[in-house]
Amino acid sequence: MNIYTQLCGLAIIAVLLFFYKKEPTMGLSSERRFIITLYMIIGCVILDIASCYFIVNSGRYKETVVLIFCKLYLLSLQSVSFATLGYTIADLFTFYGTYHEKMIGRFLQFFYILGMFITISLPISYYYDGVSLYSYGPATYATYFLVALHILAIIGSTIFFKAHLKQRKINAILVWMAIWSMCAIIQFIKPQFLIVSFAACIGALIMYFEMENPQSTISRKTGHFSSAVIHDYFNYLYQSKQRFSVMMISFKTLGDAATENKMLRKTINMLSDFLFNIESAKVFDTAEGYFLLVFESNDFMESTKFKIATYFQSIEDNPDIADAVTLLHPFYTIVPDSSIAFDADELMMLLTNFLPNNHETIAKNEIIIDKSTMADLQKRKQIEKMVVAAMEDNRLEIHYQPIYNVQTKTYTGAEALVRIKLLDGTLVYPNDFIPIVEETGRIVPLSDSIYKNVFTFMKSYRIEKLGIQKIELNLSVKQSENPVFVSRILELINNNTIDPKLLNFEITETNSIQSKESVLANMEKLMEHGISFSLDDFGAGSSNLNYIVDMPVEIVKLDKHLTEEYFNNPKAQAIVKTVVQMAHSMGLRIISEGIETEEQKIAMEDLGIDYLQGYYFSYPLPEHEFLRFIQQFNL
Ligand code: C2E
Ligand code: CA
Ligand code: CA
């Protein structure tokens, strides 16, 4: 009995299964269908051997037993081709709604079962001459026909769904089908060559090496699942309507690159090793050195976060390795419920959008992406859109708030404050859009437009002739750090032939300055041209006291909350008095903003404040009203 090829095939599949089972898999539907196909092939080869045995020894068994095994072999052959079809289209179902998906599945299953019944009901015979053996007859021919149909369906779906299948998979499947068809034709012409089941084994081998080798889904660097398969896995989860939670662990790096890089590598390595202990999650290693953990439930996520925190703590507290190991602190981007995103693409987009370096999240150690975060994001996007549209259609409007000079008792300055005019004429105030635009980085082009607007106004009306000595412009830290800031401003000044001495930039949020050197360098260059600087919002939020000392500012602007507090709170009074003394002793002048009543005005004058600004004097005014106001009072 010549069954060497079949035995070889069995050995091949056994080895494949051994390697396949050894590595972790993600549980994708294509993986499951590949395993099913492998088992079908094993069954087919075993039945092939069994039918050979019964044909050779037909004298010892009842005729029906021999025929049953011959038929079982035929049925298993159909099952292999059908399983292969299932494997081919496993990934395709992503692109169908459940209804289509089910209908196609049902239709194919029905067709398969029908084929089985036809094969069972048709007669079969076998031939054995002491050397070669084979089965023949209508059942055998029907099987050839049905398998051929399956193969055609497989080839057809690779062609029809070319766009949705990976090219690599298509190629591998087509090679497999070519080998199989060739063997089937050979066996059909020369039935004594029993090579069809062996050819299925070769096909499985090709698929394994080209597509299904679990090693290819694993990152060589860390041994966790690789970034290449994250998208496939998310796709599979969304498609099979499973809810899950995701936690991305990244590291925020600030400051000195060289030592941080070393620390980062060390942290990543230690965390990577530790993550092998986490059983409740699938761990992916993104190419950027972050880790992505996918949980079946939110509860597992909380406990895992706790485990990681404890682990980090234990390393840092360990006296033996304490000075060897300073670790960066992990930052968690958490999606508690996957249904927040519609599909894999959207989820991936969310995860990358909320990386700590992209965002003003540096101070926190996690961000949770849930319904409210999404609503917030939506709002931010709308606001950004509104700002961009306003810039394009020239709907930025600058209002000028007069600044009262206590000494001259006239208005010698004004602060330029931006507004956006909506299409219906209503105004949007800067607190509603400046903070958002600052985060996204669009503050630079926006400020460009604002400054252009202001300079045109200054030039057109020669405001210095009205007694205005300074126009105060608000400046964000992001801008002042920008290397092209100086050249951009000088260019704008030159284009409009503005006297730079008329300009003063108000710097605020100084505590968020990342590179003090570049800010100072920029300031100095502009100061050489006569532009001055002031410290805005002094006394609000995190104090910027040391910046009075460090920064070459000429004016300190007391925040309006401080002005307000001054009249309610003795402590604030002490602070204001000290600041006034200190600033004056350093040769700085002081503006007090938010003056709303005469009482406040008198108190501030008595304190020795140099300039006053607030609703008591005037609201911020549109260009023409501002001009009228100034003319009336100054001239
Ligand atoms: P800010 O620099 O502190 O500007 C003063 C704010 O106080 C202005 O609000 C002004 O209208 C308001 N204000 C003036 N007098 C009084 C008063 O007596 N009482 C009270 N309660 N408020 C008073 P506005 O125009 O809504 O601007 C808000 C903030 O938006 C500004 O605060 C500034 O930080 C920012 N901003 C405005 N224009 C620009 C700009 O062109 N560029 C940048 N980067 N930021 C701007
Ligand atoms: Ca200001
Ligand atoms: Ca202020």
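Q: For this particular structure, what's the right way to read the sheet that holds strand β8 (residues 366-368)?
A: As a general point, the strands of a sheet are linked pairwise by backbone hydrogen bonds and lie either parallel or antiparallel. What the six strands build is an open sheet, ordered β3-β5-β6-β4-β7-β8; its pairing is mixed. The open sheet has two edge strands, β3 (225-226) and β8, and neither has a second partner. Here strand β5 (residues 281-285) pairs with strand β6 (residues 291-295) via five bridges, running antiparallel. Bridging across to β6, V283 finds its partner in L293.

Q: Just to check I follow, could you spell out the coordination of the calcium ion (ligand 3) for this structure?
A: Six octahedral donors around a metal ideally make angles of 90 or 180 degrees; four tetrahedral donors ideally make 109.5 degrees. For the calcium ion (ligand 3), the full set of protein donor atoms is D537 (OD), D559 (OD) and E593 (OE), and the range of their distances to it is 2.0 to 3.0 Å. In the primary sequence, the donor residues of the calcium ion (ligand 3) line up as D-x21-D-x33-E. Separating the calcium ion (ligand 3) from the calcium ion (ligand 2) is a gap of 5.1 Å. Here D537, found in strand β14 (residues 532-538), pairs with D559, found in the loop between β15 (555-558) and α19 (560-566); they are 22 residues apart in sequence, far enough to count as distant. Classification of D537 by relative accessible area gives partly exposed; the value is 25%.

Q: Please explain the environment of S132 as it appears in this structure.
A: Turning to its location among the elements, S132 is positioned in the loop between β1 (125-128) and β2 (133-136). Between the C-alpha atoms of S132 and A574, which are 442 residues apart in sequence, the distance is 110 Å. Excluding anything up to four places from it in sequence, S132 contacts Y127 and Q192.

Q: For this particular structure, what's the right way to read the site of ligand 1?
A: What surrounds ligand 1 is a group of 21 residues, the closest being Q401, R419, K560, E596 and Y615. Separating an oxygen atom of ligand 1 from a side-chain N or O atom of D537 is a distance of 3.3 Å. Mapped onto the shell around ligand 1, the elements with two or more residues apiece are β10 (410-421) and β14. Counting residues per element, the shell around ligand 1 draws most heavily on β10, at four residues.

Q: Where do I start with the coordination of the calcium ion (ligand 2) in this structure?
A: Protein coordination of the calcium ion (ligand 2) is provided by E415 (OE), N474 (OD1), E506 (OE) and D536 (OD), with donor distances spanning 2.1 to 2.3 Å. Each donor residue of the calcium ion (ligand 2) lies on one chain, and together they are spaced E-x58-N-x31-E-x29-D. N474 gets classed as partly exposed once you look at its relative accessible area, which sits at 30%.

Q: What am I meant to see in the pairing of strand β7 (residues 330-335) here?
A: In regular strands, side chains alternate between the two faces of the sheet. Of all the six residues making up β7, six are buried; the element is thus mostly covered by neighbouring parts of the structure. Across the two faces of β7 the burial is the same, with P330, Y332 and I334 and F331, T333 and V335 all buried. Here strand β4 (residues 245-251) runs beside β7; their pairing, made up of six bridges, is antiparallel. For V246, the partnering residue across the bridge sits in β7 and is V335.

The rules we used
Residues numbered from 1 in each chain as written. Chains lettered and ligands numbered in written order. Predicted model: local features only at pLDDT ≥ 70, side-chain atom pairs only at ≥ 80, totals over all residues. Heavy atoms only, no water. Pairing = 2+ DSSP bridges. Helix = DSSP H or I, 4+ residues; strand = E, 2+ residues; numbered from the N terminus. Donors = N, O, S within 2.8 Å, 3.2 Å for Na, K, Ca; no water. Buried < 20%, exposed > 50% of the residue type's maximum accessible area, 1.4 Å probe, protein only. Contact = heavy atoms within 4.5 Å. Near = heavy atom within 4 Å. Polar contact = N/O pair within 3.5 Å; in protein donor to acceptor, adjacent residues only side chain to side chain.

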